[in-house]
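# Chains, contacts and geometry: an overview
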Amino acid sequence: MANRKLQRAIHLTLGVASGALLASYMPTASAQDNLGEIVVTGSRIARPDLESASPITIINRQQIEDQGLIDIGYLVQRMPSMSGSPIGTTTNNGGDGSVQIDLRGMGVNRTVTLVNGKRTVDGGDYQTIPSVMIERVEILKDGGASIYGADAVAGVVNIITRSNFDGLEITAQQADFFDTDSGAQQTIGLIGGKTFDGGHFTFGAEYVDQEEAFQSDTPWQFFQNSYYIYPAGCENQFFAPYDGTPQGGCYTGGSSRIQEGRLTVGDQGNFMNEGAGLVGYDGRLYNFAPINYIQTPYQRTNMFADGSFALTDSIEFSASVRGNFRQSEQLLAPQPYDSRFDPGYEGFFNGTPYTGISEDNFYLAQALAAAGLPAQPVIDARRRVVEDNRSFTQDVNQIQTNFGLNGDLGENISWDVYYNWGYRNQIDRDFGQFTGSLLAAALGPSADLDGSGTPECYGDIADPTTLIVGCVPMNFVGGAGTITRDMLDYVSADLSDTRTTEQHEAVASLSGSWFDLPGGKFGWAAGFAYTDTKYRYTPDSQKAQGTVTGNTGAGTQGSLIGNAVFAEFNAPVFDNGSQAVNLKGSARYDSYSNFDSEATYGMGVEFRVIEELKLRATYGTVFRTPTITDLFGGQIDSFPTYVDPCAANPAPAGCAQQIVQVDAQLLARVGGNPDLQPETGDTLTAGVVWTPKFGSGNFSATVDYWQINIDDGISSLGVQFILDDCYINQNAASCALISRRADYSIDQVINGSLNVSAQGAKGVDTELRYSWDTGVGQFETAVLWAHLLERTKVPFAGALEEDLSGRYTDPTAEDGGAYATDKINYSFKWNWNDLTVGYLGEFISSLDSVAFFIRDYPQKIDSQLYHDLVANYEMKTGTGISVGITNLTDEEPPYIDLGFNAKTDPSSYRMFGRGYYLRLTQKFK
């Protein structure tokens, strides 16, 4: 309650919010000028420039403001060096309101996110980082395990906050879309601060309110239904009427859980009810697409403050605190009840057990009699409960604090100690689920024995003493609209789960210079780090017991403690004014409470061949620790998409029979493995930096080759692999993970975590920048291009290597998603006095995929090119006005047959067509 009061007070203080997400960004990231001797991401040793041996991309404050972006996670994920399909607020099914990033497409757990060089308790949820506090973003694009420890496999994203700030700045922003009927975002933020002799103080807050958008709110036709490429060739006339031939349109799918009911009555067959009584089921499916979110709503409040004070001439105290409060929601189609997976009335029919609806249920008995059918139970009950909604909400409260001291020991040695504490509490609520015991009673025997005109529930309708007091029989067979509010209230279960994470980090380090080398001072750093992370997931007791509908499973509790010692050096071994050689090295030893210790090292070289040309290279070892969930996670439900090999014609030899697959998803059980060990691997980069002089202009070009290799990867085999390996390859070990029902349909697949995979990636990054002055202002242009050569995966020892580059794979499977071969961001900007006008472009190359039901049929996903126009004007009064038109040419997201959310990839493409943003800023000095 206190947190809610605090949020309301902040909202009142900030006033009415207006603002938005800009769905594009200025892809320029230049080195900062006049920063003095600084510590840049990738080292603890201060140096006078940002041109290290490691490739680093920097996005400064001006570039963030040029594009009007509020959600910094989307800006980072759209950088060409990012890949894969991490979740965000356009992830409805499978999302949780967080925004994550995936450097190199190696998985979100293999990139470390830091704020001012310190780890965050959320592990990389960019919803906790308000844009108003960001000074710049530094992206280290090689492994940083020997500097930062575990998980810095693909690299590091370091958020540097605004500290030397004087005055007060208030910003309000609004964004929306022209052809989508919802999805607006409003933001208001403020930052204030004061610098003084020996220190500074900065504070700020930001409030963001994002509106939901349904698939039906968008202008895209394929968002309005569930289409599948079947038969092959139908995509040439995608929306033509389906006739089962390549000359017709594509197959319109959906769910077998329909609002009319899909009811298997004993041995009589399948029936439904359109409102006039039971009739034969005609094969219809439920279209769940339009009523799903394609943008999930949230309200978030972020607060922050930091300061530093000189205690003496040689000792400084610093402290910071950040608070994040978020409410978010996902909305799926109404409850898809299915007695094959969900609780129901458990009985026997002809000696065979079933879960469904009792033949003595009042409403079933009436419906069977009216249809002239014998009294038999419903042994397979499927129904879309359209009378109620099914939603999932998150209440997140997070706080992060840092306290530190730093100072000098003489002229050449500096010291630094800090304590970093974080706490995150997340309460997840599920609405629209049903309690199993109550549902069993409501679907069980019922009759109007008291003559009141309203049926009652009984254990046995022949025995009035078995009355179940308070029970309301459920009319599951009457068709849409026949489940009343009283029926729902009796069986409904609003479920609540709690997730708590607590982080302790203490670090002490020394750094300085030791002796002179021909190129300058020998720099060094060394230190000790202690980390303690605790995590607890407590599901609703009914989920833990498996007595409700929806996803069920056990909880998780555990901790991970680590101790580390580290050291690094920077050696300028040669410098004659034209040529120079600089060497660097680092080493780290990590000891953990739950598994083996790990030692990592890194080394790099910079060679300035001539004043305008520098060569650079790095090599290092990396590792990733299993998370607490990886180790101790209880088995829980998931529902990935799949194709049953036994539905093929002919069925593979490993199948006992051929079946007809009626669902696109199956029940998989996933969970932790306490025997997991850390992943290990190495990274390599090699590149060139060229800065020739072209008249009065400034030009720079960097080209870097990079490579990542991972062994003992923590992964799961994936349900599709398990099914294929069992029935096609006839591997008994995989078959043991599959269970089937009496009708040979799949009951569930066990898909746990293992150290089974080897993964790798390699590519080339190119960055070109040029700026020049003219009589009519300054012009700037930039091109950032990431070319992915390989993204390989070996799912387990002995399996064939699979290359994911240039492909889109099932996003519900391990490492699934989009791996474009080429991603390019480019910009052209004109600055004249107080006016800035810019053009931004974003290119994503085409992808190869396969059809969902025809896995050997290729689908070509076209390349995408987005155009944005932005402008900003600063008045002498301190007022700034910024406006932008995003997705200028109104590009439609591509249809992807394997796509899980809206049959596309919301992480890679823009969902809503042409949009706009408007931002007002007022500065007070």
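Refer to the structure above for everything that follows.
These remarks concern the structure in this document. (Residues numbered from 1 in each chain as written. Predicted model: local features only at pLDDT ≥ 70, side-chain atom pairs only at ≥ 80, totals over all residues. Heavy atoms only, no water.)

### Observations regarding the overall build of the chain
Within the chain, the regular secondary structure consists of eleven helices and 50 strands. Rg of the C-alpha trace for the chain: 30 Å, near the compact-globule value of 29 Å for 925 residues, within the 12% margin. Seen through its principal axes, the chain has C-alpha atoms that stretch 100 × 60 × 55 Å. For the chain, contacts bridging at least 24 residues in sequence account for 71% of all contacts bridging at least 6. Computing the positive centroid from 60 side-chain charges and the negative centroid from 110, the chain places the two 4 Å apart. (Helix = DSSP H or I, 4+ residues; strand = E, 2+ residues; numbered from the N terminus. Rg over C-alpha atoms; globule rule 2.2 N^0.38 Å. Contact = heavy atoms within 4.5 Å. Lys, Arg positive; Asp, Glu negative; His and termini not counted. Charge placed at Lys NZ, Arg CZ, Asp CG, Glu CD.)

### Looking at the nonpolar core
Of all hydrophobic cores here, the largest spans 49 residues; its most connected members are Ile72, Val76, Tyr126, Val137, Ile139 and Val157. Mapped by element, the contributors of at least two residues to this core are helix H3 (72-77), strand E4 (134-140), strand E5 (155-161), strand E27 (520-538), strand E31 (613-624), helix H9 (628-632), strand E36 (697-715) and strand E40 (777-794). Apart from the residues lying within four places of it in its own chain, the contact partners of Ile72 are Ile64, Tyr126, Ile129, Ile134 and Val137. Ranked by size, the runner-up nonpolar core spans 31 residues in total, among them Trp220, Ile229, Ala851 and Ile854. (Core = buried A, V, L, I, M, F, W, Y, C linked by side-chain atoms within 4.5 Å. Buried < 20%, exposed > 50% of the residue type's maximum accessible area, 1.4 Å probe, protein only.)

### Considering the state of the cysteines
In this structure the tally under the stated criterion is four disulfides. One disulfide bridge connects Cys457 with Cys471, the sulfur atoms lying 2.0 Å from each other. Between Cys457 and Cys471, the S-S torsion sits near -65 degrees, and that sign places the bridge as left-handed. In this pair, Cys457 is assigned in strand E25 (residues 456-457) and Cys471 in the loop between E25 and helix H7 (485-491), connecting sequence segments 14 residues apart. On the accessibility criterion, Cys457 (0% relative accessible area) is buried. Using a relative accessible area of 9% as the deciding quantity, one classes Cys471 as buried. Between Cys646 and Cys655 runs a disulfide, and the two sulfur atoms are separated by 2.0 Å. Between Cys646 and Cys655, the disulfide has an S-S torsion of -90 degrees and is therefore left-handed. Here Cys655 falls in the buried class, since its relative accessible area comes to 12%. (Disulfide = S-S within 2.5 Å.)

### Side note on a nonpolar patch on the surface
Residues Tyr873, Met875, Ile881, Val883, Leu918 and Leu920 make up a contiguous nonpolar surface patch of about 480 Å² in total accessible area. Every element with two or more residues in the nonpolar patch is listed here: strand E49 (879-886) and strand E50 (915-924). Counting through the fold element by element, Met875 comes out in the loop between strand E48 (864-874) and E49. The class of Met875 is partly exposed, set by a relative accessible area of 34%. (Patch = residues over 30% accessible without salt bridge, like charges linked within 9 Å, V, L, I, M, F, W, Y side chains within 5 Å. Areas by Shrake-Rupley, 256 points an atom, 1.4 Å probe, with all protein chains shown as cover. Salt bridge = Lys/Arg side-chain N within 4 Å of Asp/Glu carboxyl O.)

### Things to note about the side chain of Gln661
The residue Gln661 is located in the loop between strand E32 (636-638) and strand E33 (668-670) in this model. One polar contact links the side chain of Gln661 to the main-chain carbonyl oxygen of Tyr642, over a distance of 3.1 Å. A polar side-chain atom of Gln661 sits 2.6 Å from the main-chain carbonyl oxygen of Asp663. Residues contacting Gln661, with those up to four places away along its chain left out, are Tyr642, Val643, Asp644 and Ala647. (Polar contact = N/O pair within 3.5 Å; in protein donor to acceptor, adjacent residues only side chain to side chain.)

### Comments concerning the pairing of E36
Across eleven bridges, strand E34 (residues 679-690) lies against E36 in antiparallel orientation. Counterpart to Thr683 in the pairing with E36 is Ile708. As judged from the two bridges shared by strand E35 (residues 693-694) and E36, these two strands associate in the antiparallel manner. Bridging across to E36, Phe694 finds its partner in Gly697. What sits between E35 and E36 in their antiparallel hairpin is a turn of two residues, with Gly695 showing a positive phi close to 60 degrees. Across 16 bridges, E36 lies against strand E39 (residues 754-774) in antiparallel orientation. Counted as the bridge partner of Asn698 is Ser771 from E39. (Pairing = 2+ DSSP bridges.)

### Comments concerning the sheet that holds E32
Pairing between the strands of a sheet comes from backbone hydrogen bonds, and it takes one of two forms, parallel or antiparallel. Pairing is mixed in the open sheet, where four strands are placed in the order E32-E33-E38-E37. Looking at strand neighbours, the two that pair on one side only are E32 and strand E37 (738-740), the edges of this open sheet. Between one strand and the next, the sheet's axes are offset by a mean angle of 25 degrees, whatever the strand orientation. Here three bridges tie E37 to strand E38 (residues 746-750), and the two strands are oriented antiparallel to one another. Its bridge partner lying in E38, Ile738 is registered against Val749. (Axes fitted to C-alpha atoms, helices over the stretch in contact; angles between N-to-C directions.)

### Quick look at the sheet that holds strand E21 (residues 378-384)
Pairing in this open sheet of five strands is antiparallel, and the strands run E14-E13-E12-E21-E18 from one edge to the other. The strands lining the two open edges of the sheet, one partner per strand, are strand E14 (278-280) and strand E18 (336-338). Strand after strand, the sheet turns through a mean of 25 degrees between neighbouring axes, direction not considered. Inspection of the sheet shows E18 paired to E21 by three bridges, in the antiparallel sense. From the neighbouring strand, Tyr337 faces E21, where its bridge partner is Arg383.

### Focus: the packing of aromatic side chains
Counting across every chain of the model gives 35 aromatic pairs. Taken together, a centroid distance of 5.0 Å and an interplanar angle of 90 degrees make the contact between Phe222 and Phe223 edge-to-face. Comparing Phe222 with Phe223 shows no difference in burial state: the two are buried. Members of the aromatic cluster, connected to one another through ring pairs, are Trp690, Phe694, Phe699, Tyr770, Trp772, Phe779 and Phe828. Of note, Lys118 hangs over the ring of Tyr418, and the distance from its end group to the ring centre comes to 4.6 Å. (Phe/Tyr/Trp six-rings, centres within 6.5 Å; stacked < 30°, edge-to-face > 60°. Lys NZ or Arg CZ within 6 Å of the ring centre and 35° of its normal.)

### Remarks on the side chain of Arg162
Among the structural elements, Arg162 can be located in the loop between E5 and strand E6 (167-177). Look at Arg162 and you get buried, because its relative accessible area is 8%. For Arg162, the side chain forms a polar contact with the main-chain oxygen of Val132, separated by 2.9 Å. Contact partners of Arg162, with chain neighbours within four places excluded, come to Arg61, Val132, Met133, Ile134, Glu135, Glu169, Ile191, Thr202 and Asp306.

### Things to note about unusual backbone geometry
In terms of backbone geometry, most residues other than glycine have negative phi values and most peptide bonds are trans. Omega for the peptide link from Tyr230 to Pro231 comes to 5 degrees, which places this bond in the cis form. Within the element layout of this structure, Pro231 appears in the loop between strand E10 (227-228) and strand E11 (251-252). Asn649 connects to Pro650 through a cis peptide bond whose omega is 0 degrees. Within the secondary structure, Pro650 sits in the loop between E32 and E33. With a phi close to 55 degrees, Asn116 is a non-glycine residue in the positive phi region. Inspection of the secondary structure assignment puts Asn116 in the loop between strand E2 (111-115) and strand E3 (118-119). Asn116 sits in the partly exposed class, given a relative accessible area of 33%. Of note in the backbone geometry, Asn887 takes a positive phi value of approximately 50 degrees without being a glycine.

### So, the pattern of salt bridges
When their charged atoms lie close together, side chains carrying opposite charge are able to pair. For the structure shown, the criterion picks out 48 salt bridges. Here Arg104 makes a salt bridge to Asp765, at a shortest N to O gap of 2.9 Å. Linking Arg104 in the loop between H3 and E2 with Asp765 in strand E39, this pair joins segments that are 661 residues apart in sequence. Taken individually, Arg104 and Asp765 each receive the classification buried, so the pair is uniform in this respect. Between Lys793 and Asp815 there is a salt bridge, with its nearest N and O atoms 3.3 Å apart. Placement of the pair is Lys793 in strand E40 and Asp815 in the loop between strand E42 (807-809) and strand E43 (817-819), with a sequence separation of 22 residues. Taken together, the shared-partner salt bridges connect Arg257, Asp338, Arg340, Asp380, Arg382 and Asp663 into one network.

Just geometry here; none of it tells us what the structure is for.
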